[in-house]
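Secondary and tertiary structure notes
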Amino acid sequence: MAAGGAHTATIDTHEGRLEEVEQARSALLLKLPNVAHESVPVGGGEADNVEVRRHGDPPAFDFDPQSHADLGPALGIVDFERGVKLAGTRFTVLSGAGARLSRALIDFMLDLHTGEHGYVEVAPPFLANPTALVSTGQLPKFEDDLFKIDGWDLYLIPTAEVPLANLHRGEFLDRRDLPLLYTAYTPCFRSEAGSYGADVRGLIRQHQFDKVELVAYTRPEESYAMLETLTGHAEAVLQRLGLAYRTVALCTRDMGFAAAKTYDIEVWLPGQGKYREISSCSNTEAFQARRAGIKYRPDGKGRAELVHTLNGSGLAVGRTLIAILENYQQADGSVVVPEALRPYMRGLEVITPR
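Think of each chain on its own: its residues are numbered from 1, step by step along the sequence as written. Thresholds applied to this predicted model are a pLDDT of at least 70 for local features of residues and 80 or more for the giving and counting of side-chain atom pairs; totals over whole chains, interfaces and linings are not thresholded and use all residues. The side-chain figures draw on all heavy atoms in the structure; neither hydrogens nor water molecules are used.

Here is the rule we go by: UniProt positions are given in the numbering used here, feature names are shortened, and annotations may be inferred rather than shown by experiment.
For the protein chain, the name recorded in an unreviewed UniProt entry is serine--tRNA ligase, with Geodia barretti as its organism. Recorded in UniProt for the protein chain, the comment headed Subcellular location (unreviewed entry) runs: "Cytoplasm". Of the comments in the UniProt record for the protein chain, the one headed Sequence similarities (unreviewed entry) reads "Belongs to the class-II aminoacyl-tRNA synthetase family. Type-1 seryl-tRNA synthetase subfamily."

Structure below.
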């Protein structure tokens, strides 16, 4: 009897130790990034990224182009000071034609992606639980970049990728339904920990910004073709708006934690005299699906496999607004509204100072 009790106690001790080891192993695995695809350029940083293509020519001005950080306030449509008064640094107030332009961009992007590119529009929560953020790779490694709700086990979403890539968490998908394409507009919230001092002027780097996101669920053998397609869908927004851009393949060191391959789309900003990122389109392969438990059966029965998930900005609304202000500015300080947006702007053709 005593021997049996001792044996039971030994088993309990080992089982407790095993659970500790498994938890430590799981915590360690969650900090390991995705493996880069063989086609990704090997490099140590931004300088090693490879330009894939360019579209359009930067506008030629017969005057010195202004930055949006000067144009917006002069037009009375961007107010940095009141944003600081209301919420602190890296928050901004848009008003009048600025607020309308932002809303027009959201509607234009969603109409394009749902009407021509085949995405299903989703209106998700702007808060997410830890499980959702672990699934997409934000937790546990990047918790310092998130805003957590005090007293709640919830975070403000850093991107609509989080809810969209978790829509089918823990589900078996029907192979006949793949690919699944989703788009959503959401505000995004990021603490930008470690980025203080970078892009301190203007709208480039904000704690709160609007974005239209694209997410796709695909069969593994189709995911890299989908990456090209999804990137093309994001590029189409810039083409319709008449904005010059280039697309670059990120090198191994410059890619995000969850990505196996990423294209950045960079729009030309005359006020800075260079291209700046406006979209990042990635194939995460099975990285997110493995964490989220999203599977399908290739033959409709038999062994289950993980789907591949992809995501991309289609586009970042604030940075698109920046690009319009800077590329469509006139010598008198006014800004021409791109033709594609005029139906969404009640026919307004030129933004002039209020």
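What follows picks up the thread again.
**Things to note about the sheet that holds strand β10 (residues 208-218)**
For the record, the criterion: When DSSP finds two or more bridges between a pair of strands, those strands are recorded as paired. Runs of E in the DSSP output that reach at least two residues are strands. Runs of H or I that reach at least four are helices, and both are numbered from the N terminus. Contacts: residue pairs with any heavy atoms within 4.5 Å of one another. Only the contacting stretch of a helix is used when fitting its axis, a line to C-alpha atoms as for every element, and angles between N-to-C directions run 0 to 180 degrees.
Read from one edge of the open sheet, eight strands run β1-β11-β12-β13-β16-β10-β9-β4, paired in mixed fashion. In the strand order of this sheet, the two ends are held by β1 (50-55) and β4 (120-121), each with one partner. With three bridges joining them, strand β13 (residues 274-283) and strand β16 (residues 308-316) adopt antiparallel strand pairing. Note on β16: the bridge partner recorded for asparagine 283 is leucine 310. Across the sheet, helix α7 (residues 223-241) lies against β1, β9 (180-189), β10, β11 (245-249), β12 (261-269), β13 and β16, angled at about 10 degrees from β16, the strand it touches most.

**Notes on the UniProt feature "binding site: L-serine" (unreviewed entry) in the protein chain**
In plain terms, the rule: N or O atoms closer than or at 3.5 Å make up a polar contact, with two conditions inside protein: a donor-capable atom paired with an acceptor-capable one, and, for residues adjacent in sequence, both atoms drawn from side chains.
The residues that UniProt annotates with the feature "binding site: L-serine" (unreviewed entry) are Thr159, Arg190, Glu213 and Asn311. Mapped onto the fold, arginine 190 is located in the loop between β9 and β10. In contact with arginine 190, other than residues within four places in its own chain, are Asp145, Phe147, Pro158, Thr159, Gln206, His207, Phe209 and Lys211. Side-chain polar atoms of arginine 190 contact the backbone oxygen of proline 158, separated by 2.9 Å. Here asparagine 311 shows up in strand β16.

**Section: the nonpolar core**
Generally speaking, soluble globular proteins have nonpolar side chains that are buried together. The line we're drawing: What is meant by a nonpolar core is a set of buried Ala, Val, Leu, Ile, Met, Phe, Trp, Tyr and Cys residues, joined one to another through side-chain atoms within 4.5 Å. The rule is simple: take the accessible area with a 1.4 Å probe, protein chains only, and divide by the maximum for that residue type; under 20% is buried, over 50% is exposed, in between is partly exposed.
Core analysis: the largest hydrophobic core is formed by 53 residues, its most contacted members being Leu105, Ile324 and Leu341. Sort the elements by how many residues they give to this core and helix α4 (residues 97-115) lands first, with nine residues. Ignoring sequence-local partners within four residues, the contact set of leucine 341 consists of Leu101, Ala104, Leu105, Phe108, Leu241 and Ile324. Listed in part, the 17 residues of the second largest apolar core include Tyr182, Ala292, Leu306 and Val307.

**Regarding the packing of α4 against helix α9 (residues 317-327)**
For any two helices packed against each other, the geometry is given by the interaxial angle and the distance between the axes. This is how it is decided: A crossing counts as left-handed when the near helix is turned anticlockwise from the far one by less than a right angle, and as right-handed when that turn is clockwise. Amino acid classes used here: Ala, Val, Leu, Ile, Met, Phe, Trp, Tyr, Cys and Pro are nonpolar; Asp, Glu, Lys and Arg are charged; the rest, including Gly, are polar.
Where α4 contacts α9, the axes come no closer than 10 Å and their chain directions differ by 115 degrees. In the packing of α4 onto α9, the handedness of the crossing is right-handed. Residues Gly98, Leu101, Ser102, Leu105, Ile106 and Met109 of α4 pack against Val317, Thr320, Leu321 and Ile324 of α9. Here the contact of α4 with α9 is composed, by residue class, of seven nonpolar, three polar and no charged.

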